[in-house]
Amino acid sequence: MQIIVIGAGAWGLPAAAELAERGHRVTLVDRYGPANPLSSSHGPTRIWRLADPDPAKIRMTRQSLEAMERLSSIAGEPVFLRRGLVWRDSTAALDAFEWTLAMEGIPHLRLDAEKVGARFPGLVPDGRGAIYTSEAGPVLAEVSLRAQLRRFERAGGTLRIAHVVDIEADASGDGPRRVHLGGGETLEADALVVAAGPGASALLERLGLDVPLRPHLEQVVHVADPAQPFDELPDLIDIATPERPTLYAMTTPGVGFKLGLDAPLRDAVWGVDDDRTPDAERTGFLLGYAREVLGMQGAEVVDAKVCTWTDSPDGRFVIGTPLPGVTVACGDSGEGFKFSALMGLVLADLAEGATPSVDLEPFRFDRFADPEAAAGGGATAARASLAAPTSIGGSPTGGGAPEPSA
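Attention in this report is confined to the structure presented alongside it. Keep in mind that this is a model prediction, so the values were computed, not measured.

All right, on to the overall build of the protein chain then. Within the protein chain one finds nine helices and 20 strands. For a compact globule of 406 residues, the expected C-alpha radius of gyration is about 22 Å, and the protein chain comes in at 21 Å, within 12% of that figure. Each principal axis of the C-alpha distribution contributes one length, and for the protein chain these read about 65 × 45 × 40 Å. Put simply, the protein chain shows about 15,700 Å² of open surface, and 52% of that area lies on carbon and sulfur atoms.

Right under this line is the structure:
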């Protein structure tokens, strides 16, 4: 088939590479190109973790690990590392989280407040306990994207750096799918894959598809303390307290310890707001946290970056084939990269009309418009719930509400 993939990020590029390797004629279109600084997928690392309050994401992560192992073998180098994870929260919230992990068979260790530092040297106790699991670490995002781009190029794929201004697809499935580019050029294909990150909403509207999404900008900072090695530190999720939002952190080998707040800087207006200037106040807050809470008293800022992520009303991805020959994946909710290698396989299967091995029911495209959702206001109500961003540790069905007693 002739296939056009829109979006060369963490989901679109792997899908294009997989489809090209399966023998299809693939054109990959992206406004700015792979790993560009305006995308959701730039930067060296992301967190992967089996531990999640959402059982659907735990099951999907198990398959993602297999896909990352496969990509590491293809690339000839690791695309992820195991460093473990410390997840600190209130006692009641940890009780609920631990029950989920036990039900899903995730090995873990419950830590009393005074013992948290044994798994994260330097972490200052705050009276709360934590859960530790070894099945977590950094995804080497830049390494992953380079490996996928090599696959795509070796398989004969065509990369177009161009602005998609319109797309067409007949609901009956008859006729070709068309992609209109800036400058007047039109591309035709037998199938489309739309994985355009923060640019997805505008494109889906052109197809008559109403998908509640909200793109945000978020900031991360690398810090380094010469007196404290960071390459072997575990990931950290320090759930919100009355004084601050949830904080997440991971190591970027050879660069520094990467920290971010689970709180958007502002909404992202794709294609209009290209300002990615780091916020000095946010940078200062994260540096202060590293010095005062992580015990990195000599830490200094290595760099700061602003990136995008796209929220869905329930914090779950939106994946499916809503029209014949049109596959869509959007709503990464800030967690898309840990599923990058797997999503290449999933989207390739869907584009070919096959059923993926992943259970996509929790992520189905039409869930905000099904009869139960419609009774509660459907997509309109779902869009209203986007007023509050979903959060790490939030309910998988509560539109960002925290876990009980969190």
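Read on for the rest.
Read across the open sheet, the three strands follow the order β9-β10-β11; overall the sheet is antiparallel. In this open sheet, the two strands that pair with only one neighbour each are β9 (164-168) and β11 (186-189). On average, each strand axis in the sheet is tilted by 20° relative to the strand beside it, whichever way the strands run. Alignment of strand β10 (residues 177-181) against β11, held across four bridges, turns out to be antiparallel. Pairing of R177 across the sheet is with A189, part of β11.

With that settled, consider helix α1 (residues 12-21). Here α1 lies mainly inside the structure; nine of its 10 residues are buried. Tucked inside the fold, the buried residues of α1 contact β1 (2-6), β2 (25-30), α2 (55-75), α4 (141-154), β12 (191-194) and α7 (340-351). Positive backbone phi, at 100°, marks G23, one or two positions downstream of α1.

Take the packing of aromatic side chains next. The full count for this structure, using the stated rule, is six aromatic pairs. Ring geometry for W87 and F97: centres 4.4 Å apart, planes at 50°, overall tilted. Of this pair, W87 sits in strand β4 (residues 85-88) while F97 is found in helix α3 (residues 91-103), placing the two residues 10 residues apart along the sequence. Judged by centre distance (5.3 Å) and plane angle (75°), the ring pair of F317 and F339 falls under edge-to-face. Remark: F339 occurs in the loop between β20 (326-330) and α7 and F317 occurs in the loop between β18 (300-311) and β19 (318-323); sequence separation between them is 22 residues. As far as burial versus exposure is concerned, F317 and F339 are alike and both buried. Through pairs of rings, three or more aromatic residues link up here, namely W11, F317, F339 and F363.

Attention now moves to the environment of D166. Within the secondary structure layout, D166 lies in strand β9. Residue classification places D166 among the buried residues on the basis of a relative accessible area of 18%. Remark: the alpha-carbon pair of D166 and L81, spanning 85 residues in sequence, is separated by 40 Å. What D166 contacts, discounting residues up to four positions off in sequence, is R178, V179, H180 and R206. Of note is the side chain of D166, whose polar atom sits 2.9 Å from the side chain of R206.

Overall, mixed pairing links the six strands, which are arranged β8-β2-β1-β12-β20-β19 in an open sheet. Looking at the sheet topology across the chains shown, the edges are occupied by β8 (158-161) and β19. Averaged over all pairs of adjacent strands, the angle between their axes in this sheet comes to 15°, without regard to strand direction. Relative to β8, β2 is paired through four bridges, and the arrangement is parallel. Residue pairing across strands places T27 opposite T158, the latter belonging to β8.

Attention now goes to the packing of α2 against α4. Following both chains from N to C, one finds α2 and α4 inclined at 65°, their axes separated by 10 Å at the closest point. Here α2 runs over α4; the crossing is left-handed. Across the interface between the two elements, R70, L71, I74 and A75 from α2 touch S144, A147, Q148, R150, R151 and R154 from α4. Here the residues of the contact of α2 with α4 are counted per class, giving four nonpolar, two polar and four charged.

A word on the pattern of salt bridges. Opposite charge on two side chains permits them to pair, given that their charged atoms come into close proximity. Throughout the structure, instances matching the rule amount to 33 salt bridges. Its salt-bridge partner being D95, residue R110 comes within 3.1 Å of it at the nearest N-O pair. On the criterion of sequence distance, the pair formed by R110 in strand β5 (residues 109-111) and D95 in helix α3 is long-range, its members being 15 residues apart. The class for R110 is partly exposed, based on a relative accessible area of 29%. Among the ionic pairs, R244 bridges to D238, the shortest N-O distance being 2.9 Å. Taking relative accessible area as the criterion, R244 reaches 12% and is therefore assigned buried. Beyond isolated ion pairs, a larger network of salt bridges with shared partners links E18, E21, R22, R70, R151, D349 and E352.

How each quantity is defined
Residues numbered from 1 in each chain as written. Predicted model: local features only at pLDDT ≥ 70, side-chain atom pairs only at ≥ 80, totals over all residues. Heavy atoms only, no water. Helix = DSSP H or I, 4+ residues; strand = E, 2+ residues; numbered from the N terminus. Rg over C-alpha atoms; globule rule 2.2 N^0.38 Å. Areas by Shrake-Rupley, 256 points an atom, 1.4 Å probe, with all protein chains shown as cover. Pairing = 2+ DSSP bridges. Axes fitted to C-alpha atoms, helices over the stretch in contact; angles between N-to-C directions. Buried < 20%, exposed > 50% of the residue type's maximum accessible area, 1.4 Å probe, protein only. Contact = heavy atoms within 4.5 Å. Phe/Tyr/Trp six-rings, centres within 6.5 Å; stacked < 30°, edge-to-face > 60°. Polar contact = N/O pair within 3.5 Å; in protein donor to acceptor, adjacent residues only side chain to side chain. Left-handed = near helix turned anticlockwise from the far one by under 90°. Nonpolar A, V, L, I, M, F, W, Y, C, P; charged D, E, K, R; others polar. Salt bridge = Lys/Arg side-chain N within 4 Å of Asp/Glu carboxyl O.

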